[in-house]
Amino acid sequence: MPSYGWLLLALSLAALTGNTIGAVAYAQTERNCSLSPPYLPSTAVNTTLRLQNLRELMLPLNISAYIIPGTDAHLSEYIAPRDARMAFVTGFTGSAGTAVVTQTKAALWTDSRYWVQAERQMDCNWDLEKDVSISSVAEWLMSEVPPGGEIGFDSFLFSLKTQEDYSLNLDSSNRSLKSVPVNLVDEVWEERPPVPPDNLTRLPDRVTQRSWQMKVEHIRNQIRDNPYEPTALLLSALDETAWLFNLRGNDIPYNPFFYSYTLLTMDEIWLFLHTGRVTEELRVYLNASCNGSLCVQLKSYDTVRHHLKKYVAQSGVKVWIGTEYTNYALYEIITPEEKLMTSSYSPVLTTKAVKDETEQRILRDAHVRDAVAVIQLLMWLEKAVPEGKETELTAAEYVNKCRGKQKDSRGPSFETISASGPNAALAHYSPTEGTSRKLTVNEMYLVDSGGQYLDGTTDITRTVHWGAPTVMQKEAFTRVLMGNIEISRTIFPSGTRGVNMEMLGRRALWEVGLNYGHGTGHGVGNYFGVHEWPVGFQSNNIPFRTGMFTSIEPGYYKENDFGIRIEDVAVIVPVHTKYGHNYVTFDTVSLVPYDRKLIDITLLSSEQLQWLNKYYKTIRMLVGPELDKQGLQEEKDWMLKHTESFMESGSSASVCSSSLTLIALAVALLHNII
């Protein structure tokens, strides 16, 4: 709790700005290191002892600073608790960031999604830096590290580009990087979580079209056909090995992956993992007891560097790596340069991005069942919120409970973003016991959630209002919806890059001076990661082709007030055009209606309205039978009510179909009476 003096200061400032409630909320939730003593919210973590222990280890190594990235040895976006080194040192649990510690200072770099979260979780040992570029980190290092000083890092946690960018920025300053063979955070982390006692599982045949042997041969064909003549392929990203062998694990929260690397040659397969987890059944499945070209040789996870070095020492070999997910510790031993071949992404990632017929079918099926869970949530909230008993946290728990009842459910695909009012203005806020707000009819509510199913991964966002939205809220929502529709209905040549279409999601917002600060979409997997690279709308994503799945998620966030995001998953499908061939479009597979109360149809074009009405017919056609199958008549009635067609006139989202029929009958009766 804040001191009485701080409350008075907050209220005094509020009186000047007219924002009393906001000032008190700020005092309760974010640190203020300018006060004496500093104000720290209950969510802040005391890092004094951790920093002291880390600095003691730095001294004998003669390093002036130590860099702590927020990733793991596979450069994963989502990491296991035992790899959350940045979170342990800083207290900050966001999914993106870099921490740096010197003998006298400590600083965290993270992007705008997490600035408020960082201020809530860090104590005053830490400075928050808001320019996330490596050049910004390097400039800070040059100001804190004396000339000739060395900066320590764990090479397993650096990508090639990260290492190169740091070196480029530091070399001319007479400061240099120094690889430290043991991770210093691990050394001071006394209660570091162990590797989970995971039992690997193979996917059942009903959800796979290609056996692992077929996939291996397909990838080998790509190795063989490559003009640079590689002899081996190193797989470092966790989803690469999981996809190749049709295996799943549970090392990473929300992601069915397991710690692993693979080295694939034309006549050998080396799989590096924690071998104690491999059951006899899996050994048989992987042909682990033979020595042929389709026999998997199981190696200890920690020996990958040793075996790679041994392979590279042979004459006439060349190792192909994808630079986006290969760590510097493995890259640096592939020498000389003629033994290395690079591409941004491995052929496994680019092949996996295009779903086969079975994967497309079952991923669509998963989204139908997932829609049932989201409809259950929205219907429940519509009734419960006016009673004033529900919170952001109970809503998140409810939707996860609904998903858990669906066929083949394997839990949520990420931590649910359940946010109301000003919390929704934080694009990646998730509620906790300490931050969860009560839901009311006076505020907008945003829920971004997803499920893992044996046949697919889902991710969907809906924004609703149970009371009377303001004119600005309604316009902003409608313009976000317009952006979603404009991308979704676009016809474009196969091979077009998402980055060249991304502005379609922003144009309606730009027209009135609004924007959003996150990406417009990402790939989605089949019981894989909810953010599946390399598909999406960013500059480093691969071109769109038939069979790829991507999210489409424009938004708008008004600081300290409300947030809007509309997110759907869509698959790229071929489309017939009058003259051209090889054109494609998006087919939306997320199947939950938007909040009618927030749609101003006077802003929509006739083409956008036609798309919306067609989408609602699709929801009825696909979700209706599933609701019948599950005996959910009340949910079906709710769905039918919220998927009535829109008229093209009026100033609000009025409906036609049955409503128009009643109006026509009334007019006819009146005419007869007259």
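Note that the structure is predicted; figures quoted are calculated from it, not measured.

As for the pairing of strand 2 (residues 98-102)
And then number 1: With five of its five residues buried, strand 2 lies for the most part within the structure.
And then number 2: In strand 2, alternate side chains face the same way, and those of T98, V100 and T102 on one face and A99 and V101 on the other are all buried.
And then number 3: Across five bridges, strand 1 (residues 65-69) lies against strand 2 in antiparallel orientation. Each residue of the ladder has a partner; that of P69, found in strand 2, is T98.
And then number 4: In the sheet, strand 2 pairs with strand 3 (residues 106-109) via four bridges, with the strands oriented antiparallel. By the bridge assignment for strand 3, V101 is matched with A106.
And then number 5: Between strand 2 and the antiparallel strand that follows it, strand 3, lie three residues.

Quick word on the sheet that holds strand 22 (residues 549-552)
And then number 1: Across the sheet, which stays open at both edges, the four strands sit in the order 21-26-25-22 with antiparallel pairing between neighbours. If you trace the sheet from one side to the other, it starts and ends with strand 21 (492-493) and strand 22, each paired once.
And then number 2: Each of strand 22, strand 25 (568-575) and strand 26 (583-588) touches helix 15 (residues 357-384); the most contacted strand, strand 25, lies at about 145° to it.
And then number 3: Packing against the sheet, helix 17 (residues 471-488) makes contact with strand 22, strand 25 and strand 26, and its axis sits at approximately 135° to strand 26.

Section: helix 7 (residues 160-170)
And then number 1: Along helix 7, the positions that sit buried rather than exposed are L160, Q163, Y166, S167 and L170. Projection of helix 7 onto a plane perpendicular to its axis shows the buried side chains occupying an angular sector of 140°, all on one side. Exposed side of helix 7, more than 90 degrees from the buried face: K161 and L168 are the residues found there.

Observations concerning the sheet that holds strand 17 (residues 444-449)
And then number 1: Ordered by their spatial adjacency, three strands build an open sheet running 16-17-20, and the pairing between neighbours is antiparallel. Each end of this open sheet is capped by a strand with a single partner; those strands are strand 16 (417-420) and strand 20 (460-465). Strand after strand, the sheet turns through a mean of 10° between neighbouring axes, direction not considered.
And then number 2: Relative to strand 20, strand 17 runs antiparallel, the two being bridged by six bridges. Among the inter-strand pairings, L446 is bridged to a residue of strand 20, identified as T463.
And then number 3: Contacts between helix 16 (residues 392-404) and the sheet are confined to strand 16, strand 17 and strand 20, with strand 16 contributing the most and set at about 145° to the helix.

Looking at the nonpolar core
And then number 1: In terms of nonpolar packing, the biggest core is built from 62 residues, with L381, Y445, Y594, I599, L612, Y615 and V623 touching the most fellow members.
And then number 2: Per element, the largest residue contribution to this core is 11 residues, and it comes from helix 15.
And then number 3: The contacts of Y615, once residues within four sequence positions are left out, are R462, D568, T588, S590, L591, V592 and Y594.
And then number 4: Counting 52 residues, the second-largest nonpolar core is a separate cluster that includes L234, L308, L330 and F528.

Thoughts on the pattern of salt bridges
When charged atoms on two side chains of opposite charge get close, those side chains can pair.
And then number 1: Scanning the model with the defined rule gives 34 salt bridges in all.
And then number 2: A salt bridge links R206 to D408; its shortest N-O distance comes to 3.1 Å. Of this pair, R206 sits in the loop between strand 7 (201-202) and helix 9 (212-225) while D408 is found in the loop between helix 16 and strand 15 (409-412), placing the two residues 202 residues apart along the sequence.
And then number 3: Exposure remark for R206: the relative accessible area of 45% places this residue in the partly exposed category.
And then number 4: In this structure, the salt-bridge partner of K352 is D239, at a minimum N-O distance of 3.0 Å. Taken together, the positions of K352 in helix 14 (residues 347-352) and D239 in helix 10 (residues 238-245) put the pair 113 residues apart, joining distant regions of the chain.
And then number 5: In this structure K352 comes out as buried when scored by relative accessible area, which is 2%.
And then number 6: Owing to a relative accessible area of 13%, D239 belongs among the buried residues under this scheme.
And then number 7: Beyond isolated ion pairs, a larger network of salt bridges with shared partners links D83, R85, D186 and R192.

Re the side chain of D356
And then number 1: Following the sequence through the fold, D356 ends up in the loop between helix 14 and helix 15.
And then number 2: Here T358 takes part through its backbone nitrogen, which lies 3.1 Å from a polar atom of the side chain of D356.
And then number 3: Among the polar contacts made by the side chain of D356, one reaches the main-chain amide nitrogen of E359 at a distance of 2.8 Å.
And then number 4: Beyond its immediate chain neighbours, meaning those up to four positions away, D356 contacts Q209 and R210.

Looking at the pairing of strand 5 (residues 150-153)
Each regular strand displays side chains that alternate between the two surfaces of the sheet.
And then number 1: With two bridges connecting them, strand 1 and strand 5 associate as parallel partners. Directly across from Y66, in strand 5, lies its bridge partner G152.
And then number 2: The pairing of strand 5 with strand 6 (residues 176-179) spans four bridges and is parallel. Considered in strand 6, the bridge of E150 is made with S176.

Overview of the packing of helix 15 against helix 20 (residues 633-642)
And then number 1: One way to put it is that helix 15 packs onto helix 20 with a least axis distance of 10 Å and a crossing angle of 85°. Accordingly, the angle class assigned to the pair helix 15 and helix 20 is roughly perpendicular. Contact residues: helix 15 offers I375, Q376, L378, M379, E382 and K383, while helix 20 offers E634, E635, W638, M639 and H642.
And then number 2: Residue classes in the contact of helix 15 with helix 20 are distributed as five nonpolar, two polar and four charged.

Some thoughts on the packing of helix 6 (residues 134-144) against helix 7
And then number 1: Close contact between helix 6 and helix 7 brings their axes to 9 Å; oriented N to C, the two are set at 45°. The angle between the axes of helix 6 and helix 7 places the two elements in the oblique class. Viewed along their axes, helix 6 and helix 7 form a crossing whose handedness is right-handed. On helix 7, the residues touching I134, S135, V137, A138, L141 and M142 of helix 6 are T162, D165, Y166, N169 and L170.
And then number 2: Among the residues making up the contact of helix 6 with helix 7, the classes are represented as seven nonpolar, three polar and one charged.

Notes on the packing of aromatic side chains
And then number 1: Under the defined criterion, the tally for this structure stands at 24 aromatic pairs.
And then number 2: On the basis of an interplanar angle of 40° and a centroid distance of 5.9 Å, the ring pair of F257 and F528 is categorised as tilted. Taken together, the positions of F257 in the loop between strand 9 (247-248) and strand 10 (261-265) and F528 in the loop between helix 18 (507-510) and strand 22 put the pair 271 residues apart, joining distant regions of the chain. Across the pair, exposure class does not vary: F257 and F528 are buried alike.

Description of the side chain of D154
And then number 1: By the secondary structure assignment, D154 is in the loop between strand 5 and helix 7.
And then number 2: Buried and without a salt bridge, D154 has R85 as its closest oppositely charged side chain, separated by 5.3 Å.
And then number 3: Contacts of D154, omitting those with residues within four sequence positions, involve Y66, V180 and N183.

The rules behind these values
- Residues numbered from 1 in each chain as written.
- Predicted model: local features only at pLDDT ≥ 70, side-chain atom pairs only at ≥ 80, totals over all residues.
- Heavy atoms only, no water.
- Buried < 20%, exposed > 50% of the residue type's maximum accessible area, 1.4 Å probe, protein only.
- Helix = DSSP H or I, 4+ residues; strand = E, 2+ residues; numbered from the N terminus.
- Pairing = 2+ DSSP bridges.
- Contact = heavy atoms within 4.5 Å.
- Axes fitted to C-alpha atoms, helices over the stretch in contact; angles between N-to-C directions.
- Arc of directions from axis to C-beta.
- Core = buried A, V, L, I, M, F, W, Y, C linked by side-chain atoms within 4.5 Å.
- Salt bridge = Lys/Arg side-chain N within 4 Å of Asp/Glu carboxyl O.
- Polar contact = N/O pair within 3.5 Å; in protein donor to acceptor, adjacent residues only side chain to side chain.
- Parallel < 35°, antiparallel > 145°, perpendicular 65-115°, else oblique.
- Nonpolar A, V, L, I, M, F, W, Y, C, P; charged D, E, K, R; others polar.
- Left-handed = near helix turned anticlockwise from the far one by under 90°.
- Phe/Tyr/Trp six-rings, centres within 6.5 Å; stacked < 30°, edge-to-face > 60°.
- Lys, Arg positive; Asp, Glu negative; His and termini not counted.

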